[in-house]
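Fold and contact review
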Amino acid sequence: MKLKKVAALCSSANAFCLFDRIDGDGVVTQWLGDGCCAFPLHGLPVLSEPELYRMFDVSEKKQDKIYFNHSALPEGLNVEDWCRSEVRAEDMDVTISSGGKVLMPLRFPGGLLFIQSKYLGPLEDQMDFLELYVRRSDSGGRYVVAKTGMLVAGVIFPVQAVNEGFCDKLEELASMTRRELDKHLAAPPVTEEEDENQENVFGGGDGET
């Protein structure tokens, strides 16, 4: 995990939320996020606010603008490596830019939710092993846990992006995309030398005239 990317998310949101999780043996593991995500700070000493700022080089001027919260990990949030009720979420291999956010749709048995793709940034060095799961809190809310192998590497809360306007735009985009595909399928086949997917400034598929 890239801890500097976790700090960058917090700095961008002007919010550092530090959570303490105490296991049955009394061992404290801290989690850090911007309120919409949280990542474990494995291998670090237990940090206070000043120590956190020093570790991530947060200037005093920046500190004055930051919302800082230090509390216990919220009850009902399960960050154990295994949860009986969790279900696997599938990345649909597409992102949608909406309202200044880059949204990643995740489908899972019985539903669909969206997360901001930026929250996978701290885990980009583990993407080959990353799996996403949907869990429910004690209050019934859904959240996503990112696992690398069998270990939970992060918690990400979804974006409530679904509304009439959002759905209308996606339906229009799907309809227009289907029409473009039909036109493409009806066109004469390209030669082997041409790239059938990428247009270019020369008007051909491979830059030759």
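Structural notes, computed from the coordinates. (Residues numbered from 1 in each chain as written. Predicted model: local features only at pLDDT ≥ 70, side-chain atom pairs only at ≥ 80, totals over all residues. Heavy atoms only, no water.)

1. Some thoughts on the nonpolar core
The criterion, for reference: Remark: nonpolar core denotes a set of buried residues (Ala, Val, Leu, Ile, Met, Phe, Trp, Tyr, Cys) joined through side-chain atoms within 4.5 Å. Using a 1.4 Å probe on the protein chains alone, a residue whose accessible area is under 20% of its type maximum counts as buried, one over 50% counts as exposed, and one in between counts as partly exposed. Helix and strand definitions here come from DSSP, where helices need a minimum of 4 consecutive H or I residues and strands a minimum of 2 consecutive E residues; each element is numbered from the N-terminal end. Contact definition: two residues touch when any of their heavy atoms are within 4.5 Å.
The biggest cluster of nonpolar side chains holds 33 residues, and the ones touching the most others in it are F16, L32, L106, L132 and V144. For this core, the leading source of residues is helix 1 (residues 3–13), giving 4 residues. If near-sequence neighbours (up to four positions away) are discounted, L132 is found in contact with V87, R88, A89, L106, L120, V144, V145 and A146. W31, A38, L77 and Y143 belong to the second-largest nonpolar core, a separate cluster that totals 12 residues.

2. A few points about the environment of L18
Position of L18 relative to the elements: it lies in strand 1 (residues 15–22). Each C-alpha atom, one on L18 and one on R136, is 21 Å from the other, the two residues being 118 residues apart in sequence. In contact with L18, not counting residues within four places along its chain, are Q30, W31, L32, L41, L47, F68, N69, H70 and S71.

3. Some points on the side chain of R135
Quick reminder of the rule: The definition of a polar contact used here is a pair of N or O atoms within 3.5 Å, where within protein one atom must be able to donate a hydrogen and the other to accept one, and adjacent residues in sequence count solely through side-chain atom pairs.
The residue R135 is located in strand 9 (residues 130–136) in this model. We classify R135 as buried; its relative accessible area is 0%. At 2.8 Å, the side chain of R135 forms a polar contact with the side chain of E86.

4. Remarks on the pairing of strand 9
Cut-off, in case you're wondering: Here, any two strands with at least 2 DSSP bridges between them count as paired.
Within strand 9, 5 of the 7 residues are buried, which leaves the element mostly enclosed by the surrounding structure. Taken together, the 3 bridges between strand 5 (residues 87–91) and strand 9 define a ladder with antiparallel strand orientation. Of the residues in strand 9, the one forming a bridge with V87 is V134. The pairing of strand 9 with strand 10 (residues 142–148) spans 7 bridges and is antiparallel. Across the sheet, residue R135 finds its bridge partner in strand 10, namely Y143.

Take it as geometry only, folks, not as evidence of what the structure does.
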